[in-house]
Amino acid sequence: MSQAGELWTRCTKSLREQVSETTWQLWLSGIEPVDYADGVFILSVPNPIIHERVETRYLPMIEDTLANEVGAPVRGRLELHEPEEPESAEPEFEEFLGVPAPVETPGPAVATTQNGAGGRETQAVQLDPKFVFETFVAASSNRLAHAAAQAVAETPGRSYNPLFIYGDSGLGKTHLLHAIGNYVSENFNRRKILYVTTETFMNDFVDSLRTSTTLAFKRRYRECDILLIDDVQFMENKEGLQEEFFHTYNDLKGASKQMVLTSDRPPKSIESLEDRLRSRFLSGLITEISPPDLETRLAILRSKSESEHQEVPHDVLEFIATHVKNNIRELEGALTRISAFAKLNKETISLADAERVLSDIVLAGEPRRITPQMILEATAVSYGFSIEAICGPSRTRPLVTARQVAMYLVRNLTDYSYPAIARVFGNRDHTTVIHAVDKITGQMQQRRQIYEQVTELIQQVRAGT
């Protein structure tokens, strides 16, 4: 290794400790040492965006770190070394010159698009066909959000742009995003729909900076007709990400493209959100989804039981709706447990069964706040694995089952979103969590062992034993 390489290797640990991990990945991880002589350290950066940001914000810090390492003043100099575009990228430039690209008609789910990086394919979260307007129970707690979402779907880009929907986790924000996407896909099949979580947007952005494929990134996000982004509160404290989204927003808005955003809080309450971005969020329609009242909870339970062709007596639905008040996800989870119990025992659902199966939710006083750590600890003890193993990479069958059960419990007993759960379990892809939740939900109605394990763990976590 050259002198410059050895010096840069020694300095990177100190540099990483001085900035956040996001800053390191976005702006500094792609820097490479070139040469060190006569007190001048030459560094290469992969694209003009990183060159400008490092030079204006981080070069003095880099110079100080290098100086501390060598014991003498060091002057840093940046050189731009952009990698050559691979041949596969030529159609992008042909399109800019006016050569039409092949037209692809998107299907019901968002189409896969290339994001550069050596042909790496990036796929947006697929639209869930179950999440349509017909299955969304509209009530006083969500009527404005529901009506606005329908108006946006019927006339994309013409009204309420952007539409900003906020509310606590588990109240139906993601359902409305999928419903908009599904409606537009069915009725305007030439419109390009892009539905992503903020985490996916950030990962794509970081990847484009690392691989100098920012052009492909911008095309992907700025050439869609409807951009649906979930959980924008995760842009908090991410300056580079906010700056990129600001330009994406302006480009889409200027082209009359529709944007729909969701968050767990209104724009004014998202800390560290740039004022220019906050003002743009506030320029559209801001609408809240509140916890449903008793009648709405009953209607939601009735709709879910009918969609699954499960006959549930009214007194059982009323029992569930009375005791689960603030979270639709938990509400439907309670119904799933009752239905699974009845199917496994091949008997009709009764109120007595419901009271026994759901005894853990009928507790006096305020329920204890459940965290993913509590669930991981209980699951680890129950299955005989360590928490590190459950969150680790191993794919052995018993361990995978324990991991999927834990993911299911975190999804149903906390307000964590799919991306947040994925981070808890070793920074996995959030689609892994979606698969785990769906799989355990199905297995609870087919395998008594899984049903009993999940039920016992829920009772233990709620009781704190």
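Refer to the structure printed above.
Before going into details, it helps to say that this report is about the structure given with it. The model shown is predicted, which means the values in this text are computed figures rather than measured ones.

The rules we used
- Residues numbered from 1 in each chain as written.
- Predicted model: local features only at pLDDT ≥ 70, side-chain atom pairs only at ≥ 80, totals over all residues.
- Heavy atoms only, no water.
- Helix = DSSP H or I, 4+ residues; strand = E, 2+ residues; numbered from the N terminus.
- Contact = heavy atoms within 4.5 Å.
- Buried < 20%, exposed > 50% of the residue type's maximum accessible area, 1.4 Å probe, protein only.
- Pairing = 2+ DSSP bridges.
- Right-handed = clockwise from strand over helix to strand, strands pointing away.
- Core = buried A, V, L, I, M, F, W, Y, C linked by side-chain atoms within 4.5 Å.
- Expected span 1.5 Å × (residues − 1).
- Bend = angle between axes of the 7 residues up to and from the residue.
- Axes fitted to C-alpha atoms, helices over the stretch in contact; angles between N-to-C directions.
- Parallel < 35°, antiparallel > 145°, perpendicular 65-115°, else oblique.
- Left-handed = near helix turned anticlockwise from the far one by under 90°.
- Nonpolar A, V, L, I, M, F, W, Y, C, P; charged D, E, K, R; others polar.
- Salt bridge = Lys/Arg side-chain N within 4 Å of Asp/Glu carboxyl O.
- Phe/Tyr/Trp six-rings, centres within 6.5 Å; stacked < 30°, edge-to-face > 60°.
- Lys NZ or Arg CZ within 6 Å of the ring centre and 35° of its normal.

Comments concerning the overall build of the protein
Then comes step 1: Each helix and strand in the protein was counted, giving 20 helices and 10 strands.
Then comes step 2: Summarising the internal contacts of the protein: among those between residues at least 6 apart in sequence, 72% fall at separations of at least 24.

A closer look at the pairing of strand 2 (residues 40–45)
Then comes step 1: Most of strand 2 is tucked away: 6 of the 6 residues are buried.
Then comes step 2: Neither face of strand 2 is open: one carries Val40, Ile42 and Ser44, the other Phe41, Leu43 and Val45, and all of them are buried.
Then comes step 3: Inspection of the sheet shows strand 1 (residues 32–37) paired to strand 2 by 5 bridges, in the antiparallel sense. When the sheet's bridge partners are listed, Tyr36 is paired in strand 2 with Phe41.
Then comes step 4: Remark: 2 residues form the turn of the hairpin made by strand 1 and strand 2, two consecutive strands paired antiparallel; Asp38 in that turn has positive phi of roughly 55°.
Then comes step 5: On the question of chirality, the crossover connecting strand 2 to the parallel strand 3 (residues 75–80) by way of helix 3 (residues 48–70) is right-handed.

Some points on the environment of Glu295
Then comes step 1: As for its position among the elements, Glu295 is in helix 11 (residues 294–307).
Then comes step 2: The exposure class of Glu295 is exposed, given its relative accessible area of 55%.
Then comes step 3: Residues Glu295 and Ala321 lie 26 residues apart in sequence; the distance between their C-alpha atoms is 8.3 Å.

Observations concerning unusual backbone geometry
Then comes step 1: The peptide bond linking Asn161 to Pro162 adopts the cis configuration, its omega dihedral lying at 5°.
Then comes step 2: Backbone geometry at Asp231 places phi at a positive 65°, although glycine is not the residue there.
Then comes step 3: By the secondary structure assignment, Asp231 is in the loop between strand 8 (226–230) and helix 9 (239–254).
Then comes step 4: Unusually for a residue other than glycine, Asn427 sits at a positive phi of about 55°.
Then comes step 5: With respect to the helices, strands and loops of the structure, Asn427 is situated in the loop between helix 18 (418–424) and helix 19 (430–443).
Then comes step 6: A relative accessible area of 63% means that Asn427 is categorised as exposed.

A short note on the nonpolar core
Then comes step 1: Grouped together as the largest cluster of nonpolar side chains are 55 residues, with contacts concentrated most on Ile320, Ile338, Ile375, Leu409, Phe425, Met444 and Val454.
Then comes step 2: Contacts of Ile320, omitting those with residues within four sequence positions, involve Leu301, Leu331, Ala334, Leu335, Ile338 and Leu358.
Then comes step 3: With 51 residues, the next largest nonpolar core counts Trp8, Cys11, Leu209 and Leu261 among its residues.

A closer look at helix 3
Then comes step 1: Compared with an ideal rise of 1.5 Å per residue, which puts 23 residues at 33 Å, helix 3 spans 29 Å between its outermost C-alpha atoms and falls more than 12% short.
Then comes step 2: Along helix 3, the sharpest kink reaches roughly 65°, centred on Tyr58 and followed within four residues by the proline Pro60.
Then comes step 3: Within helix 3, burial applies to Ile50, His51, Arg53, Val54, Tyr58, Leu59, Met61, Ile62, Glu63, Thr65, Leu66 and Ala67.
Then comes step 4: Gly71 lies just past helix 3 and shows a positive phi near 75°.

Digging into the sheet that holds strand 7 (residues 193–197)
Then comes step 1: The 5 strands lie next to each other as 7-8-9-6-10, forming an open sheet whose pairing is parallel. If you trace the sheet from one side to the other, it starts and ends with strand 7 and strand 10 (285–288), each paired once. Each strand axis lies, on average, 15° off the axis of its neighbour in the sheet, ignoring direction.
Then comes step 2: Pairing of strand 7 with strand 8 involves 5 bridges; the strand directions are parallel. Pairing of Val196 across the sheet is with Ile229, part of strand 8.

Notes on the packing of helix 5 (residues 143–154) against helix 6 (residues 173–187)
Then comes step 1: The N-to-C vectors of helix 5 and helix 6 enclose an angle of 25°; their axes lie 9 Å apart at closest approach. Between helix 5 and helix 6, the angle is such that the two are roughly parallel. The element helix 5 and its partner helix 6 pack so that their crossing is right-handed. Facing helix 5, whose interface residues are Ala145, His146, Ala149, Val152, Ala153 and Glu154, helix 6 presents Leu176, Ile180, Tyr183 and Val184.
Then comes step 2: By residue class, the composition of the contact of helix 5 with helix 6 is 8 nonpolar, 1 polar and 1 charged.

Remarks on the pattern of salt bridges
Then comes step 1: This model, assessed by the stated rule, comprises 13 salt bridges.
Then comes step 2: Of the charged contacts, one joins Arg423 and Glu199 as a salt bridge, the two residues approaching to 3.5 Å between their closest N and O atoms. Of this pair, Arg423 sits in helix 18 while Glu199 sits in helix 7 (residues 198–210), and the two are 224 residues apart along the sequence.
Then comes step 3: Overall, Glu199 belongs to the buried group, its relative accessible area being 15%.
Then comes step 4: For the salt bridge of Arg265 with Glu236, the shortest nitrogen-to-oxygen distance reads 3.1 Å. One end of the pair, Arg265, is in the loop between strand 9 (258–263) and helix 10 (275–282); the other, Glu236, is in the loop between strand 8 and helix 9, with 29 residues separating them in the sequence.

Some thoughts on the packing of helix 15 (residues 372–383) against helix 17 (residues 397–413)
Then comes step 1: It is at 10 Å that the axes of helix 15 and helix 17 come closest, and there the two elements cross at 150°. Looking at the two axes, helix 15 sits roughly antiparallel to helix 17. The two elements helix 15 and helix 17 meet at a crossing, and its hand is right-handed. Only Thr401, Ala402, Val405, Ala406, Leu409, Val410 and Leu413 of helix 17 make contact with helix 15, whose side of the interface consists of Pro372, Ile375, Leu376, Thr379 and Tyr383.
Then comes step 2: Its residues assigned to classes, the contact of helix 15 with helix 17 comprises 10 nonpolar, 2 polar and no charged.

Description of the packing of aromatic side chains
Then comes step 1: Applying the stated criterion across every chain yields a total of 11 aromatic pairs.
Then comes step 2: Between Tyr36 and Phe41, the ring centres sit 5.7 Å apart and the planes meet at 35°, which makes this aromatic pair tilted. In this structure, Tyr36 and Phe41 share a single accessibility class: buried.
Then comes step 3: Taken together, the ring pairs in this structure connect Phe164, Phe201, Phe205, Phe217, Tyr221, Phe245 and Phe281 into an aromatic cluster.
Then comes step 4: In this arrangement the basic side chain of Arg276 is found over the ring face of Phe246, its NZ or CZ atom lying 4.0 Å from the centre.
Then comes step 5: Over the aromatic face of Phe234 sits the side chain of Arg423, whose NZ or CZ is 4.8 Å from the ring centroid.

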